[in-house]
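Understanding the architecture of this molecule
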Amino acid sequence: MIGLNIGDKPVLRAYSIASPNWHEEFEFYSIKVEDGPLTSKLQQLKEGDNIIFRNKPVGTLVNDALLKGKRLFLFSTGTGIAPFTSIIRDPETYEKFNEVILFQTCRYINELEFGKHTIDAIFKDELLSEFVTDRLRFIPTTTREPSQYFGRVTDWLRSKKFVEEIGSDLNPLEDRAMICGSAAMLNEFKEICIERGMEEGSNSTPGHFVIEKAFVD
Ligand code: A2P
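Residues numbered from 1 in each chain as written. Predicted model: local features only at pLDDT ≥ 70, side-chain atom pairs only at ≥ 80, totals over all residues. Heavy atoms only, no water.

Details of the environment of L173
Of note, L173 is situated in the loop between α7 (161-166) and β7 (175-181). A sequence separation of 35 residues divides L173 from H208, and the C-alpha atoms of the two residues are 8.7 Å apart. (Helix = DSSP H or I, 4+ residues; strand = E, 2+ residues; numbered from the N terminus.)

Encoded structure:
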């Protein structure tokens, strides 16, 4: 939870930590709502300003909640990419999985900028590039503007498109998935994973997939 004192009272929202666990700084990724109670103020922060930061992080999108596997699929829409920009920069992810495939679906191309920038930086980073070469793939898709990859990934999974792009369908024997987005998106992905024979995991009982709602202001 992060936030600000606005008037006399604290206004806090749940955010995913977008930076990796070894990073010296915390990074967050947010939409900016013009008259949003928090983001209208957050976007005006200047260096040196204080924020409120609850010191007990919670969440299910962690490697420990998944069984070991070969491929890790990270499915996100919009700001749902934030927890995954942390996971794809964690060397432990590459100890546990051979291949990491990150999807982000947005309406328009300009919303994909943060993901593209993060991926570029990973491939240019001296240490990280060693882990990710040939093992990290980013598939940004748009739904309301033509681009290299078009459409909702849920639709890809329900048609031949997913297999055409990835080579094979989701397979509970070797594939694991983390899903982060809106409630409707989570429900659809969860249904698809269950149809494929995958079971939801938690920190106490690791499984084949985990989900987390991307909270917005
Ligand atoms: P679409 O443009 O077809 O609605 P939103 O801003 O509404 O959360 O949407 C962000 C992105 O997530 C959009 O590209 C949207 O596609 C897509 N999306 C919305 N709902 C779902 C869903 N149930 N399953 C998969 N993708 C979704």
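Anyway, onward from the coordinates.
Thoughts on the site of the ligand
Taken together, T77, T105, C106, R107, T143, R144, R152, T154, A184, M185 and E188 are the residues near the ligand. Isolated, the ligand exposes 550 Å² of accessible area, and the fraction of that covered by the protein chains is 78%. If you list the elements that add at least two residues to the shell around the ligand, you get β5 (99-106) and α8 (183-195). Ranked by residue count, the leading element in the shell around the ligand is α8, at three residues. Considering only residue class, the shell around the ligand consists of three nonpolar, four polar and four charged. (Near = heavy atom within 4 Å. Areas by Shrake-Rupley, 256 points an atom, 1.4 Å probe, with all protein chains shown as cover. Nonpolar A, V, L, I, M, F, W, Y, C, P; charged D, E, K, R; others polar.)

Notes on the side chain of S19
Along the chain, S19 falls in the loop between β2 (9-13) and α1 (39-42). Only 3.3 Å separates the side chain of S19 from the backbone oxygen of E25, close enough to count as a polar contact. At 2.9 Å, the side chain of S19 and the backbone nitrogen of E27 are in polar contact. If we skip the residues at most four places from it in the chain, S19 touches E25, F26, E27, S86 and R89. (Polar contact = N/O pair within 3.5 Å; in protein donor to acceptor, adjacent residues only side chain to side chain. Contact = heavy atoms within 4.5 Å.)

Some remarks on the sheet that holds strand β4 (residues 71-77)
Ordered by their spatial adjacency, five strands build an open sheet running β6-β5-β4-β7-β8, and the pairing between neighbours is parallel. Both outer strands of the open sheet, β6 (136-142) and β8 (209-213), are each paired with one neighbouring strand and no more. On average, adjacent strands in this sheet sit at an angle of 10 degrees to one another, irrespective of strand direction. Taken together, the six bridges between β4 and β7 define a ladder with parallel strand orientation. Bridge pairing in β7 links F73 to A177. (Pairing = 2+ DSSP bridges. Axes fitted to C-alpha atoms, helices over the stretch in contact; angles between N-to-C directions.)

A short note on the nonpolar core
Counting residues in hydrophobic clusters, the biggest one holds 25 residues, and the most contacted among them are L72, L74, F84, I88, L102, L136 and M178. Listing elements by their share of this core, those giving two or more residues are β4, α2 (82-87), β5, α4 (113-124), α5 (128-132), β6 and β7. If sequence neighbours within four positions are ignored, L74 has contacts with F84, I87, I88, V100, I101, L102, F103 and M178. With 22 residues, the next largest nonpolar core counts Y149, I166, L170 and M198 among its residues. (Core = buried A, V, L, I, M, F, W, Y, C linked by side-chain atoms within 4.5 Å. Buried < 20%, exposed > 50% of the residue type's maximum accessible area, 1.4 Å probe, protein only.)

Quick notes on the side chain of T39
Checked against the element boundaries, T39 lands in helix α1. Of the polar contacts made by the side chain of T39, one reaches the backbone nitrogen of V33; its length is 2.9 Å.

Examining the pairing of β2
Taken together, the five bridges between strand β1 (residues 2-6) and β2 define a ladder with antiparallel strand orientation. Counted as the bridge partner of I6 is K9 from β2. Remark: two residues form the turn of the hairpin made by β1 and β2, two consecutive strands paired antiparallel; G7 in that turn has positive phi of roughly 65 degrees.

Side note on α8
What sets the pattern is the α-helix's 3.6 residues per turn: residues three or four places apart point alike. Here α8 contains 13 residues, and its C-alpha end-to-end distance of 18 Å stays within 8% of the 18 Å for a straight helix at 1.5 Å per residue. Along α8, the positions that sit buried rather than exposed are M185, L186, F189, I192 and C193. End-on view of α8: buried residues confined to an arc of 130 degrees, all on one side of the axis. Here the buried face of α8 lies against β4, α6 (153-158), β7 and β8. (Expected span 1.5 Å × (residues − 1). Arc of directions from axis to C-beta.)

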